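In case you want the letters, here they are:
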Amino acid sequence: MAVGMVVPFFLAPFVVRHLGATIYGIWILAVSTAAYLNMLDLGLRSAITRFVSKSATEGDTLAAQKAIAATLWFRGLIAAVMVIISIALSVWFGAIFKIPHDLVRPAQITVLLCALGVASTLVAGVYGGVLRAINRFDVLSSITMTQTLVRAVGVILILRSGHGLVVLAVWEFVIVFLSAVSEFVFALRLYPPCRIFVFRPDMKTLKSIWSYSFKAFVIIVAVQIVFYTDNIVVGAFLSVGVVTFYSIAGSLAMYSGQIATTMGTTFMPMASGFDASGNAASLKKLLLRGTQAMLGLMLPIGVTLLLRGKTFIGLWMGPQFSETSGTILQILLISQFFSIGNATSGQIAYGVDKHKSVATCAAIEAVFNLGLSLILVKVIGLYGVAWGTSISMAVVHLIFWPRFVSKELGVSPITYLWEGWGKMILCAIPFAIVSLLAERHLHPGSLVVFFGQVLLTLPIYFLTVLAIFHKPMLSAFKRWQVSRRPVLQGTV
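Residues numbered from 1 in each chain as written. Predicted model: local features only at pLDDT ≥ 70, side-chain atom pairs only at ≥ 80, totals over all residues. Heavy atoms only, no water.

Could you give an account of the overall build of the protein, naming the residues involved and the relevant values?
A count of helices and strands for the protein gives 16 helices and zero strands. Residue burial in the protein is summarised as follows: out of 492 residues, 51% are buried. Carbon and sulfur atoms make up 70% of the accessible area of the protein, which totals about 22,500 Å². Here the protein contributes 35 positive and 16 negative side-chain charges, whose respective centroids are spaced 5 Å apart. (Helix = DSSP H or I, 4+ residues; strand = E, 2+ residues; numbered from the N terminus. Buried < 20%, exposed > 50% of the residue type's maximum accessible area, 1.4 Å probe, protein only. Areas by Shrake-Rupley, 256 points an atom, 1.4 Å probe, with all protein chains shown as cover. Lys, Arg positive; Asp, Glu negative; His and termini not counted. Charge placed at Lys NZ, Arg CZ, Asp CG, Glu CD.)

Which residues make up the packing of aromatic side chains, and what values do they have?
How two aromatic rings sit relative to each other is set out by the distance from centre to centre and by the angle between their planes. Taken as a whole and assessed by the stated rule, the structure comprises 17 aromatic pairs. For the ring pair Y416 and W421, a centre distance of 6.5 Å and an interplane angle of 70° mean the geometry is edge-to-face. One exposure class covers both Y416 and W421, and it is buried. In this structure an aromatic cluster arises from ring pairing among F312, W316, F450 and F451. (Phe/Tyr/Trp six-rings, centres within 6.5 Å; stacked < 30°, edge-to-face > 60°.)

Describe the packing of helix α14 (residues 413–441) against helix α15 (residues 447–468), and please don't skip the residues or the numbers.
Interaxial distance between α14 and α15 falls to 9 Å at its minimum, and their mutual angle equals 155°. One element, α14, and the other, α15, form an angle in the roughly antiparallel class. Pair α14 / α15 crosses with right-handed handedness. Along its contact with α14, which presents K423, M424, L426, C427, A428, P430, F431 and V434, the element α15 presents T457, L458, I460, Y461, T464, V465 and I468. When the residues that make up the contact of α14 with α15 are grouped by side-chain class, the tally is twelve nonpolar, two polar and one charged. (Axes fitted to C-alpha atoms, helices over the stretch in contact; angles between N-to-C directions. Parallel < 35°, antiparallel > 145°, perpendicular 65-115°, else oblique. Left-handed = near helix turned anticlockwise from the far one by under 90°. Contact = heavy atoms within 4.5 Å. Nonpolar A, V, L, I, M, F, W, Y, C, P; charged D, E, K, R; others polar.)

Go over the pattern of salt bridges with me, naming the residues and quoting the values.
If you walk through the whole model with that rule in mind, you get five salt bridges. Between R151 and E172 there is a salt bridge, with the nearest N and O atoms lying 2.8 Å from each other. Remark: E172 occurs in helix α6 (residues 165–190) and R151 occurs in helix α5 (residues 137–160); sequence separation between them is 21 residues. Put simply, K310 and E323 hold a salt bridge, and the shortest N to O gap is 2.9 Å. With a gap of 13 residues between them, K310 in helix α9 (residues 280–316) and E323 in helix α10 (residues 322–341) connect regions that are remote in the sequence. (Salt bridge = Lys/Arg side-chain N within 4 Å of Asp/Glu carboxyl O.)

Tell me about a nonpolar patch on the surface, residues and numbers included.
Nonpolar side chains collect at one region of the surface, where I334, F368, I375, V379, I380, W387, I391, V395 and I399 lie side by side and expose about 760 Å² of accessible area between them. At the level of secondary structure, the elements contributing two or more residues to the nonpolar patch comprise α12 (356–380) and α13 (382–409). Counting through the fold element by element, I399 comes out in helix α13. (Patch = residues over 30% accessible without salt bridge, like charges linked within 9 Å, V, L, I, M, F, W, Y side chains within 5 Å.)

Go over the confidence of the model for the protein, please, and point to the residues and values.
Should pLDDT be low for a region, the predicted coordinates there are not to be read in detail. Averaged over every residue, the pLDDT of the protein is 83; the share at 70 or more is 94%. In the model, residues 488–492 has pLDDT below 50 throughout and makes zero contacts with residues more than four positions away in sequence or in other chains. (pLDDT = per-residue confidence, 0-100.)

Kindly report on unusual backbone geometry, identifying the contributing residues and their values.
In this model, N135 sits at a positive phi of 60°, which is unusual for a non-glycine residue. Within the fold, N135 resides in the loop between α4 (104–133) and α5.

Which residues make up the nonpolar core, and what values go with them?
In this structure, I68, F312 and W316 are the most contacted members of the largest nonpolar core, which totals 145 residues. Counting residues per element, this core draws most heavily on helix α1 (residues 2–35), at 17 residues. Contacts of W316, omitting those with residues within four sequence positions, involve F9, A12, P13, I248, S251, L252 and L447. (Core = buried A, V, L, I, M, F, W, Y, C linked by side-chain atoms within 4.5 Å.)

If you had to explain the environment of T311 to someone new, which residues and values would you point to?
Mapping T311 onto the fold places it in helix α9. Assessed through its relative accessible area of 22%, T311 is described here as partly exposed. In sequence terms T311 and G326 are 15 residues apart; their C-alpha atoms lie 8.1 Å from each other. Here the side chain of T311 touches E439 through a polar contact of 2.6 Å, side chain to side chain. (Polar contact = N/O pair within 3.5 Å; in protein donor to acceptor, adjacent residues only side chain to side chain.)

What follows is the structure, given as structure tokens:
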């Protein structure tokens, strides 16, 4: 997670300076457009993780093999369709957005390669899902870190050599493809049941997978609309150059969201295992502790960006981006707060196959989000797109998730909001006050000074967390000490 946040942080201003706002905006639009092809996953990655983790808990290897084979067969057909869609998408790309005439052909090649990269990850995603199911997050993290670092080195060399958009897109495709191959190789080595012939599945297996994955598919479509439509709306209704201002704010908001994504991937197989063994008490504990952990990691970042984001963007990307991108960031952080806070309950819903109502909620949110953004972009312009995202997410999440955890997990809304959310928000208040004072009275001249100021204020947050959570933290520390003691031979 740290590598995924730090590397793009230092790379982004370098890329913007070398490509310029317009070409960088085209790059963001190409990536965002190609990201829509992820919807053709149809929820199968989540399904394979659920079925393999459940089968592993129950010791049913044959069921896991049937699920893997069925998913590979289905995804192979989807990948073939995706190649055709990629070609059509590249042809129409120049007509969809307001792209300068001399940049239309490079833009078409870029979106084609980005789309083909998504297609290559589609099949390999089955093996990534298997690695998640067997809790080999060390392998997945190593692949992701290597991909991020090698990509960054290549981007720097390409841009310093004077190459542009097309070469950048070729490099992106190569890196994505090699990552996909790595997931395939490691899954075969670490989980032998993956070594199967791809055959047409029987209808019973396919029906079971589709029953689960269709609900996940609805959620994936909704997530794509919520998180990737904004740049496209800006590019279609305003201009390509303005996309850069929006994407700077969006990328910072997404960095904080990576906390939820990274941590949440471990919760789904855990929840599936608890569900298979009938351990309802552990599911409830996972919900509350997981929500606390999500918000505990996100809040210092979110509070800093909310109160000091404009200063930070000015030092990071340049003063010309400070006001506009900083204001967009403040608006988007509202949506990130609710998204991260409810991420644990979302992953548990996947793990226990209770995500049907989540899919319905996500579909409502996506329609609400897109409709509101389209209305507000015409009324208040650039900021309206951000408000459309945040307002829709806040309303839907506040109404849906407390009721969901009460009905499906047996945790009362008051307990969920207070134990999961309220205590962590209290921990952040002293840190927020100090951060606000620092923003008003301290004016850093560089990013080094800015980060130094943040580091000096962080102990206030940690001390507050320690004061409120000292009992469970002490209990956890004692359990860890016991687990480290050697077991004496002959003892029972």
